[in-house]
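This is what each chain is made of:
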Amino acid sequence: MAEIAEWARQRPWGVRLEWGLTGAMALGPGSACVVVVDVLSFTTSVSVAVEAGTRVLPYPWRDGGAAEFAARHGAELAVGRRAVSERQPWSLSPAALRCAPVAERLVLPSPNGSAISAAVSGVPVVAACLRNASAVARWIAGRGWGSARQPVAVIAAGEHWPGRDGLRPAVEDWLGAGAVAAALARSAAGPLSPEAHAAAVAYGGIADVAALIRDCASGRELAEGGFTQDVAAATELDSSGVVPVLTDGAFVDAAW
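Residues numbered from 1 in each chain as written. Predicted model: local features only at pLDDT ≥ 70, side-chain atom pairs only at ≥ 80, totals over all residues. Heavy atoms only, no water.

Attention now goes to helix α6 (residues 133-142). The buried fraction of α6 is high, at 7 of 10 residues. Within α6, burial applies to Ala133, Ser134, Ala135, Val136, Ala137, Trp139 and Ile140. At its buried positions, α6 is contacted by β2 (33-37), β6 (125-128), β7 (152-156), α7 (171-186) and β10 (244-247). Two residues or fewer past α6, glycine 144 is found with a positive phi of approximately 75°. (Buried < 20%, exposed > 50% of the residue type's maximum accessible area, 1.4 Å probe, protein only. Helix = DSSP H or I, 4+ residues; strand = E, 2+ residues; numbered from the N terminus. Contact = heavy atoms within 4.5 Å.)

Structure below.
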């Protein structure tokens, strides 16, 4: 990609925040780690699967090589929410993953969080969501990361407009990124960039985050499709202590 302008790198802040794949490519180099936030639903699904003991391999969405990639890595392949079957019970739905047999390894494609995770190289990648924001922040702070010398890049994945390539900034990812930034600030990381500070303030200023996400565009989209339980799973605030870190191509709990 083209050279990133210096003003876009959010220096000298210790906790930085941007959107989508381009944002990850802009802030990732030189960061101590990249935190990917895709609340509905990639990183929420990663948290659920890793809790159960599954190693999750990220892969870009709608790539014809996903099945071959899964076979090459001895992994099961997650399918679309509506394509779940007895033979392939795994999908991007966190609610479905809770009901499915535990796979040792699972390829979990998505157009946003998974694609971003797979694209980042040379930097540790952490999967965060509203379920594990505080746990992720504690783990990062425990390594001394989140300073101007060892900055953390928090990436709100966003969505894609149906039938279009354009990024749709998604309020659920903004709030998930804000939850991580706020938890990092509580752990004495920082200073927060203006972008990260704004997201943290937004998260802290909402009395009922779960209700807001149920009513936001992405929440309504899933509800209209019959996947209200996915929204419920995604809004289990700080219910999980798992810290999924991309290790040898798969997300595993940092405590393993």
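Applying the stated criterion to the full structure yields 7 salt bridges. The closest approach of N and O atoms between arginine 72 and glutamate 68, which form a salt bridge, is 2.4 Å. Of this pair, arginine 72 and glutamate 68 both sit in helix α3 (residues 66-72), 4 residues apart, which is roughly one turn of the helix. Aspartate 230 is the partner of arginine 81 in a salt bridge, and the nearest nitrogen-oxygen pair spans 2.8 Å. Of this pair, arginine 81 sits in the loop between β4 (76-77) and α4 (94-99) while aspartate 230 sits in helix α11 (residues 228-234), and the two are 149 residues apart along the sequence. One connected set of salt bridges, linked through shared partners, spans Glu51, Arg98, Arg131 and Glu236. (Salt bridge = Lys/Arg side-chain N within 4 Å of Asp/Glu carboxyl O.)

Cis rather than trans, the peptide bond between arginine 11 and proline 12 has omega equal to 10°. Along the polypeptide, proline 12 turns up in the segment before β1 (15-19). The omega torsion of the bond from glycine 190 to proline 191 falls at 5°, within 30 degrees of zero and hence cis. For glutamine 10, which is not a glycine, the phi torsion comes out positive at approximately 60°. You can see glutamine 10 is positioned in the segment before β1. Among the residues examined, glutamine 10 registers a relative accessible area of 5% and is labelled buried.

This brings us to helix α1 (residues 20-27). Along α1, the residues classified as buried are Gly20, Gly23, Ala24, Ala26 and Leu27. Along α1, the residues classed as buried sweep out an arc of 165° about the axis, all on the same side. (Arc of directions from axis to C-beta.)

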